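# Report on the structure
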Amino acid sequence: MHDLTRCVHHPVVDEEGYASLAVPTHRASTIVYPDGASFMARKHRGFDGYTYGLHGTPTTRTLEAQLTELHGGVRTVLVPSGQAAVTIVMLSVLMPGDKVLIPDHAYPPVRSFCADYLEPRGIAYGVYDPMIGAGIADLIDETVKLVWVESPGSNTMEVQDVPAIVAAAKAKAKGVLVGCDNTWATPLIFKPLAHGADFACEALTKYVGGHSDLLLGSITVKDLVLRQKMKEILRGFGIGVSPDECQLALRGLETMGIRVAHMGRISEDFARRLMGHPTVERVLHPALPSCPGHEIWKRDMGRSSGLFSLVLKPVDEAAMSAALSALRVFAIGASWGGTRSLVAPQAVAQDRTATAWTDRGPLLRISIGLEDPDELWADLGGLFAVLAQVPTSQAA
Ligand SMILES: *Cc1c(COP(=O)(O)O)cnc(C)c1O
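### Observations concerning the packing of helix α11 (residues 317-325) against helix α12 (residues 373-388)
In the contact formed by α11 and α12, the axes pass within 8 Å of each other and the chain directions differ by 150°. Relative to α12, the element α11 is oriented roughly antiparallel. Every pair of crossing elements has a handedness; the one defined by α11 and α12 is right-handed. Contact residues: α11 offers Ala319, Met320, Ala322, Ala323 and Leu324, while α12 offers Leu383, Val386 and Leu387.

Dropping the structure here:
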């Protein structure tokens, strides 16, 4: 063999006796075939076979299979982000003339996608009160093909009655599909498919990745036809995921149980201790009776992850930003679910159309990480100390 050829052809080594606990990262664009006939017949390999790197390698299939088991589904489809998980479901279900219903507390880019992409293409959307429950039936006319739920809402934490919404959707003659953004709960706390939803979506970016260093989304279904529609859309758009990202998600998944359990305990503890704090108007945490949907949380979930929100007493922007700058342990930033605790002020009123948001104070979203809880608590104390110094005349 010529040296140039030798450079290109990797030698086959003995793998006998090699066994590792790590999931190998299989990268590929080209998939090679043992002979001409199998190449000609590659279409018959279907969505579960290997035909081209874009459509999956053993690394991506491992993550898909693991999420499928956790959700009690039949197949999982991976996409490059949590937002893509939402949009790919919508694109696979909705045709011009159809309508999707989304909750008023939806992850804001979902509403933007409906308004800026779907609506100009003849697909309507309606926004409903997240606490509507069985009342969703009144909004479901012949054009509605999909009801979207996000429980709890990732900023304002209302817990939705998913079983009641599913029952109303399935009671319609044609059977309306229900998709659930389950990112807050993860399949460890809530399994939407077991409650009748058709699509269980996760932003793997958050608790599965768990280290603020990857972007990935997943959609788990119990119906192969729904999987096929989503795979056809991805194929058409040329969208796939990187095996490196999937390998990181597989590693994150191994510690997710212990991370989420710890973060849930600390978030519940902090939420209780923050009730009645002089600078706090309301604490929005599903585990507190004051949170809309708390009884549903008790019935369907019973455990928490690490994300919750505070509605602060009114304070001007300068004081808010001075208070945030006083933080030494918490980082300031969006996204969440990583090892570092985060705070992010969120604007709510501008994103509400079906329900009124009357609080005048800012909403502060808190994501609990893995730092020492006492140090985190003291750090929040520093933030509140700055807010408490604001003269009341400014706090209007
Ligand atoms: C972050 C988030 C998303 C989007 O996930 P990305 O991977 O950042 O696109 C979707 N839904 C919820 C509830 C989220 O918190």
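Further notes follow.
### Quick look at the pairing of strand β12 (residues 363-367)
A large share of β12 lies buried, amounting to 5 of its 5 residues. Burial of β12 is two-sided: the residues Leu363, Arg365 and Ser367 facing one way and the residues Leu364 and Ile366 facing the other way are all buried. As defined by bridge partners, strand β11 (residues 342-346) adjoins β12 across 5 bridges and the pair is classed as antiparallel. The partner of Pro345 across the bridge, within β12, is Leu364.

### Some points on the sheet that holds strand β6 (residues 199-203)
The mixed open sheet is built from 7 strands, whose spatial order is β1-β7-β6-β5-β4-β2-β3. One side of each edge strand has no neighbouring strand; the edge strands of this open sheet are β1 (75-79) and β3 (124-128). Sheet twist, expressed as the mean angle between neighbouring strand axes with direction ignored, is 20°. Each of β3, β4 (144-150) and β5 (177-181) touches helix α6 (residues 162-171); the most contacted strand, β5, lies at about 160° to it. Sitting on the sheet, helix α8 (residues 224-237) is in contact with β1, β5, β6 and β7 (217-221), with an inclination near 20° to β1.

### Concerning the layout of surface pockets
Volume-wise, the largest pocket comes out at about 380 Å³. Tyr107, Ser154, Ala203, Lys206 and Trp336 are the residues nearest the centre of the largest pocket, which is lined by 27 residues in total. The set of elements that each furnish at least two residues to the lining of the largest pocket consists of α4 (82-93) and β6. With 4 residues, the top contributor of residues to the lining of the largest pocket is α4. Grouping the amino acids of the lining of the largest pocket by side-chain chemistry returns 11 nonpolar, 11 polar and 5 charged. For the lining of the largest pocket, the domains that each give at least three residues are domain 1 (17-250) and domain 2 (257-395). If you add up the space inside the second largest pocket, you get close to 240 Å³. Along the walls of the second largest pocket sit 15 residues, with Gln346, Arg360, Gly361, Pro362 and Leu363 positioned nearest its centre. Counting residues per element, the ones that place at least two in the lining of the second largest pocket are α11 and β11. Here the lining of the second largest pocket is composed, by residue class, of 9 nonpolar, 2 polar and 4 charged.

### Brief notes about the domain arrangement of the protein chain
Each domain of the protein chain was delimited in the assignment, giving domain 1 (17-250) and domain 2 (257-395). One C-alpha centre belongs to domain 1, the other to domain 2, and the line joining them spans 28 Å. The interface of domain 1 with domain 2 comprises 36 residues on the first partner and 36 residues on the second. Carbon and sulfur atoms supply 60% of the area buried between domain 1 and domain 2, which totals about 3100 Å² over both sides. Linking domain 1 to domain 2 there are 2 salt bridges. Here Asp161 and Arg299 are joined by a salt bridge, their closest N and O atoms 2.8 Å apart. On inspection of domain 1 and its partner domain 2, the count reaches 20 residue pairs in polar contact (both at pLDDT 80 or more). If you list the elements that add at least two residues to the side of domain 1 that touches domain 2, you get α5 (108-118), β3 and α7 (186-189). Residue contributions to the side of domain 1 that touches domain 2 peak at 3 residues, all from α7.

### What about the nonpolar core?
For soluble globular proteins, the rule of thumb is that nonpolar side chains tend to be buried together. Ranked by internal contacts, the top residues of the largest apolar core, which has 50 residues, are Leu63, Ile136, Ile140, Val147, Trp184 and Leu216. Those elements that place two or more of their residues in this core are α3 (58-71), β4, α6, β5, α9 (243-274), α10 (294-300) and β9 (307-312). Taken domain by domain, this core gets at least three of its residues from each of domain 1 (17-250) and domain 2 (257-395). Other than its neighbours up to four places away in sequence, Val147 contacts Leu101, Tyr128, Ile136, Ile140, Ile165, Val176, Leu177, Val178 and Gly179. Counting 28 residues, the second-largest nonpolar core is a separate cluster that includes Val79, Cys114, Leu118 and Val221.

### Quick notes on the packing of α4 against α5
Two quantities define a packed helix pair, namely the angle between the helix axes and the distance between the axes. Packing of α4 against α5 brings their axes to within 10 Å, and their N-to-C directions diverge by 40°. When the axes of α4 and α5 are compared, the pair comes out oblique. Relative to α5, α4 is oriented so that their crossing is right-handed. Counting all contacts with α4, which are made through Gln83, Val86, Thr87, Met90 and Leu91, the residues of α5 involved are Pro109, Val110, Phe113, Cys114, Tyr117 and Leu118. Its residues assigned to classes, the contact of α4 with α5 comprises 9 nonpolar, 2 polar and no charged.

### A word on the site of the ligand
By nearness alone, 13 residues border the ligand, and Gly82, Gln83, Asp181, Thr205 and Lys206 come closest of all. Taking Gly82, its main chain carries an N or O atom lying 2.7 Å from an oxygen atom of the ligand. Within the side chain of Trp336, a nitrogen or oxygen atom sits 3.3 Å from an oxygen atom of the ligand. Among the cavities detected, the one that contains the ligand is the largest pocket. Its residues assigned to classes, the shell around the ligand shows 4 nonpolar, 6 polar and 3 charged.

Analysis parameters
Residues numbered from 1 in each chain as written. Predicted model: local features only at pLDDT ≥ 70, side-chain atom pairs only at ≥ 80, totals over all residues. Heavy atoms only, no water. Axes fitted to C-alpha atoms, helices over the stretch in contact; angles between N-to-C directions. Helix = DSSP H or I, 4+ residues; strand = E, 2+ residues; numbered from the N terminus. Parallel < 35°, antiparallel > 145°, perpendicular 65-115°, else oblique. Left-handed = near helix turned anticlockwise from the far one by under 90°. Contact = heavy atoms within 4.5 Å. Buried < 20%, exposed > 50% of the residue type's maximum accessible area, 1.4 Å probe, protein only. Pairing = 2+ DSSP bridges. 1 Å grid on protein atoms, 1.4 Å probe; cavity = no way out; pocket = protein on both sides within 12 Å on 5 of 7 lines; lining within 4 Å. Points joined across faces, edges and corners; volume = space filled by probe spheres on them. Nonpolar A, V, L, I, M, F, W, Y, C, P; charged D, E, K, R; others polar. Domains from an automatic or database assignment. Buried area = accessible area lost by both parts, 1.4 Å probe. Salt bridge = Lys/Arg side-chain N within 4 Å of Asp/Glu carboxyl O. Polar contact = N/O pair within 3.5 Å; in protein donor to acceptor, adjacent residues only side chain to side chain. Core = buried A, V, L, I, M, F, W, Y, C linked by side-chain atoms within 4.5 Å. Near = heavy atom within 4 Å. Sits in = over half its atoms within 2 Å of the grid points.

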